[in-house]
Amino acid sequence: MEKPMTQEMNNTMSIIDGALTGHTPRLGKEETGTVTAMGGGIVHADGLPGASYLEVMEFPDGSLGMVFNLEPEDTAIVLFDNNPGFRIGDRVKRTGRLLDVPVGGGLLGRVIDPLGRPRDGKGVIRASERIPVERTAPPIMERLPVTVPLQTGIAVIDALIPIGRGQRQLILGDRQTGKTAIALDTIINQKDTGVVSVYCAIRQRSAAVSGVIKDLENHDVMDRSIVVVSTGDDTPGLSFAAPYAAASIAEYFMHRGRDVLVVYDDLTKHSRAYREISLLLRRPPAREAYPGDIFYIHSRLLERSTHLKKELGGGSMTALPICETQAENISAYIPTNLISITDGQIYHSPSLFQEGVLPAVDIGKSVSRVGGKTQLRAYRHVAGDLRLAYSQFMELESFSRFGTRLDEKTMKTLEHGKRVREILKQDRYSPLSVTQQIIILLAVKENMLDDIPLTDIREVKTEITGMARDEFGSLDEVFNRGSDLMEDMEKKIIDAIRYLLENFQTKGGHGTDPGD
């Protein structure tokens, strides 16, 4: 005779019955492979016949990677995480999705990695959707001409090498010459313009990235910015994906009618990450051991920057890629590739940097192939001939160092050029408004500073820009609408400058001209 079931057994059976009643079995297929080799951030697997290029793969410990090589008997996967917790013989599973990144307004003010994982300790990212990091650039018929300037707040750039919204302007030079400083000043100057900024750090030191984030926070622009980070400690695969993820994040805002500025800092390190991956995958090396498609990885990235038609949103994406040169060699492989892809370059000269000419922009080697068409009309009035005159001054100054006796006209040209150089010097984190730049350049154009001792020029510049802010600040809106510098307006400004200079000279200034 069977023993009666206890109450506990009855409860257990009813729970099991309920679970079985509410369960509907689902059928599905899952494709998995086997890890056959691993090392250097690369995993080789077999048994994945349906895998796609750039598809995300998942390993038993939760690590992620993306497919980078597809061969009949082998699938090469580039890892995103260091120190994986799996081994040869373990299973690898297809996820069925291509590498993507979260996008949306919830990313503003956040620091993320190229996969969209937070790196700022502020919790989960609230994203609108996820979109692939690799996307086709808009075709020509979907683009509009670049017509609106992107003001950097840096006089030497806005006046002589202007940038337009939708342009790709390369910043290049030797290390430690102020390339990142130019990009950060440009981001800071977008504080009240409505432009969304995306800063992408590629294989940067953690301390350097922390400094950038702190600068953005100190100048109250972090809430309008997104920082995508890949540090030197990350895998080559994560570094390779970083700029493409940043471009996709920027494209989300562009397709919704916003103007976006994206900084890639820097593409030299990105090239090295791709070279490392390619060599580990035993792809044939070409010049400087880079793979043969090194040009294509940057062209398909930078071609995504554009100005869209109004029916497609009307937004724009301006790219400021940064490139590091060695020993001022701008004819090296990667710099020449990027120069040929972009719409101009801003070259930083180490010699100018050592002389204290900051920003150390070499006017002779810098050019903007698009921005001149977008430059505000008032700039053309006050700085139309300044670029050529300044370049001639630099050549003349080099010639004068040989000790040749110079005539009076040449001496006046040299003295005027030295004052132009002082005027174009600018401290970090001190952007100038359009009106301030126009007024100080007008003083240069009218030779009103030629009698001021060279050591007093910076103080005079501070006085003039302060006067421009206090007395002519309302002209910013006028100039930004594209208005020229009217004759009556110009006369009024010249009178104000003359009055300020007379008072300055009456007080005696604070310096003496070394030539006196």
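*Asks:* Any chance you could explain the confidence of the model for the protein here in plain terms?
*Replies:* Per-residue confidence for the protein averages 91 on the pLDDT scale, and 95% of its residues sit at or above 70. In this model, residues 511-516 is a region of pLDDT below 50 whose contacts with residues beyond four sequence positions or in other chains number 12 contacts.

*Asks:* Can you help me understand the pattern of salt bridges in this one?
*Replies:* Pairs can form between side chains of opposite charge once their charged atoms are near each other. Under the definition given, this model contains 33 salt bridges. Ionic pairing is found between Glu397 and Arg421, a salt bridge with its closest N-O pair at 2.8 Å. Pair noted here: Glu397 is in helix α11 (residues 386-400) and Arg421 is in helix α12 (residues 408-424), with a separation of 24 residues, a long-range link. The pair Glu397 / Arg421 is uniform in exposure class, with both members buried. The network of salt bridges with common partners includes Arg143, Arg168, Glu303 and Asp343.

*Asks:* Looking at this model, I keep getting lost on empty space enclosed by the protein. Mind explaining?
*Replies:* A water-sized probe, rolled over the atoms, reveals where empty space remains. For the coordinates displayed, the defined rule picks out 3 cavities of 30 Å³ or more. Of the voids in this model, the largest cavity is the one considered here, and its volume is about 60 Å³. Lining the largest cavity are Val156, Val357, Leu358, Pro359, Val361, Ile363, Tyr390, Arg421, Leu424 and Lys425. Of the residues assigned to the lining of the largest cavity, the class counts are 8 nonpolar, no polar and 2 charged. What lines the second largest cavity is simply His416, Arg419, Val420, Ile423, Ala443, Val444, Asn447, Met448, Leu449 and Asp450. Looking at the lining of the second largest cavity, the elements that each hand over two or more residues are α12 and α13 (434-445). In terms of residue count, α12 provides more of the lining of the second largest cavity than any other element does, 4 residues in total. Each residue belonging to the lining of the second largest cavity can be placed in one class, and the counts come to 6 nonpolar, 2 polar and 2 charged.

*Asks:* Which parts of the structure should I look at to understand the packing of aromatic side chains?
*Replies:* For any two aromatic rings, the description comes down to two numbers: the centre-to-centre distance and the angle of the planes. Taken as a whole and assessed by the stated rule, the structure comprises 9 aromatic pairs. Ring geometry for Phe240 against Tyr244: centres 5.3 Å apart, planes inclined by 50°, an arrangement best described as tilted. A residue pair is termed a helical-turn pair when its members lie 3 or 4 positions apart in one helix, as Phe240 and Tyr244 do in helix α5 (residues 236-254) at 4 residues. Within the aromatic cluster, the residues linked to one another by ring pairs are Tyr53, Phe68, Phe240, Tyr244 and Tyr274.

*Asks:* I keep staring at the nonpolar core and nothing clicks. Help me out?
*Replies:* A general tendency of soluble globular proteins is for nonpolar side chains to be buried together. Residues Leu449, Ile464, Ile493 and Ile497 are the most contacted members of the largest nonpolar core, which totals 75 residues. Ignoring sequence-local partners within four residues, the contact set of Ile493 consists of Ile439, Leu442, Phe472, Leu475 and Leu485.

*Asks:* Is there a simple way to explain the environment of Ile182 in this structure?
*Replies:* Along the chain, Ile182 turns up in helix α3 (residues 179-188). Judged by relative accessible area, which is 3%, Ile182 ranks as buried. With 179 residues separating them along the chain, Ile182 and Val361 place their C-alpha atoms 9.8 Å apart. Ile182 has contacts with Ile154, Ile157, Ile171, His348 and Pro359, leaving out every residue within four places of it along the chain.

*Asks:* What exactly am I supposed to notice about helix α16 (residues 487-507) here?
*Replies:* If you check α16, its first and last C-alpha atoms are 30 Å apart, about what 21 residues at 1.5 Å a residue would give, namely 30 Å. Among the residues making up α16, those that are buried are Met489, Glu490, Ile493, Ile494, Ala496, Ile497, Leu500, Leu501 and Phe504. Seen from one end, α16 has its buried residues packed into an arc of 160°, which puts them on one side. Looking at α16, the residues exposed on the side facing more than 90 degrees away from the buried face are Glu487, Asp488, Lys491, Lys492, Tyr499 and Thr506. If you follow the buried residues of α16, they end up packed against α10 (377-383), α13, α14 (457-471) and α15 (475-480).

*Asks:* Explain α14 to me, please; I cannot follow it from the model alone.
*Replies:* Residue pairs spaced three or four apart in an α-helix point in one direction, given the helix's 3.6 residues per turn. Between its first and last C-alpha atoms α14 spans 21 Å; for 15 residues at 1.5 Å apiece the expected length is 21 Å, and the two agree. For α14, every residue scored as buried is listed here: Ile457, Val460, Lys461, Ile464, Thr465, Gly466, Met467 and Ala468. On its buried face, α14 sits against α12, α13 and α16.

*Asks:* Explain the pairing of strand β14 (residues 316-325) here, please?
*Replies:* Put simply, side chains in a regular strand alternate between the two faces of the sheet. In terms of burial, β14 is largely enclosed, as 10 of its 10 residues are buried. Along β14, one buried face is formed by Ser316, Thr318, Leu320, Ile322 and Glu324 and the opposite face, lined by Met317, Ala319, Pro321, Cys323 and Thr325, is buried too. Note: strand β10 (residues 170-174) against β14, 4 bridges, orientation parallel. From the neighbouring strand, Ile171 faces β14, where its bridge partner is Ile322. Bridging between strand β13 (residues 259-265) and β14 involves 6 bridges; their strand directions are parallel. Each residue of the ladder has a partner; that of Val263, found in β14, is Leu320.

*Asks:* Looking at this structure, I do not really get the sheet that holds strand β4 (residues 64-71). What am I missing?
*Replies:* Sheet strands pair via backbone hydrogen bonds, and the direction of the pair is either parallel or antiparallel. If you walk around this closed barrel you meet the 6 strands as β1-β2-β5-β4-β3-β6, and the pairing is antiparallel. Each strand axis lies, on average, 45° off the axis of its neighbour in the sheet, ignoring direction. Inspection of the sheet shows strand β3 (residues 55-58) paired to strand β6 (residues 91-98) by 3 bridges, in the antiparallel sense. Within β6, the position partnered with Glu58 by the bridge is Lys93.

*Asks:* Looking at this structure, how should I read the packing of α5 against helix α6 (residues 267-280)?
*Replies:* In a pair of packed helices, the angle between the axes and the distance between the axes together describe the arrangement. It is at 9 Å that the axes of α5 and α6 come closest, and there the two elements cross at 135°. Our classification of the angle between α5 and α6 gives oblique. Remark: the crossing between α5 and α6 carries left-handed chirality. Note on element contacts: α6 touches α5 through His270, Ala273, Tyr274, Glu276 and Ile277, opposite Pro236, Gly237, Ser239, Phe240, Pro243 and Tyr244. Looking at the contact of α5 with α6, its residues break down into 7 nonpolar, 3 polar and 1 charged.

What counts, and where the lines are drawn
- Residues numbered from 1 in each chain as written.
- Predicted model: local features only at pLDDT ≥ 70, side-chain atom pairs only at ≥ 80, totals over all residues.
- Heavy atoms only, no water.
- pLDDT = per-residue confidence, 0-100.
- Contact = heavy atoms within 4.5 Å.
- Salt bridge = Lys/Arg side-chain N within 4 Å of Asp/Glu carboxyl O.
- Helix = DSSP H or I, 4+ residues; strand = E, 2+ residues; numbered from the N terminus.
- Buried < 20%, exposed > 50% of the residue type's maximum accessible area, 1.4 Å probe, protein only.
- 1 Å grid on protein atoms, 1.4 Å probe; cavity = no way out; pocket = protein on both sides within 12 Å on 5 of 7 lines; lining within 4 Å.
- Points joined across faces, edges and corners; volume = space filled by probe spheres on them.
- Nonpolar A, V, L, I, M, F, W, Y, C, P; charged D, E, K, R; others polar.
- Phe/Tyr/Trp six-rings, centres within 6.5 Å; stacked < 30°, edge-to-face > 60°.
- Core = buried A, V, L, I, M, F, W, Y, C linked by side-chain atoms within 4.5 Å.
- Expected span 1.5 Å × (residues − 1).
- Arc of directions from axis to C-beta.
- Pairing = 2+ DSSP bridges.
- Axes fitted to C-alpha atoms, helices over the stretch in contact; angles between N-to-C directions.
- Parallel < 35°, antiparallel > 145°, perpendicular 65-115°, else oblique.
- Left-handed = near helix turned anticlockwise from the far one by under 90°.

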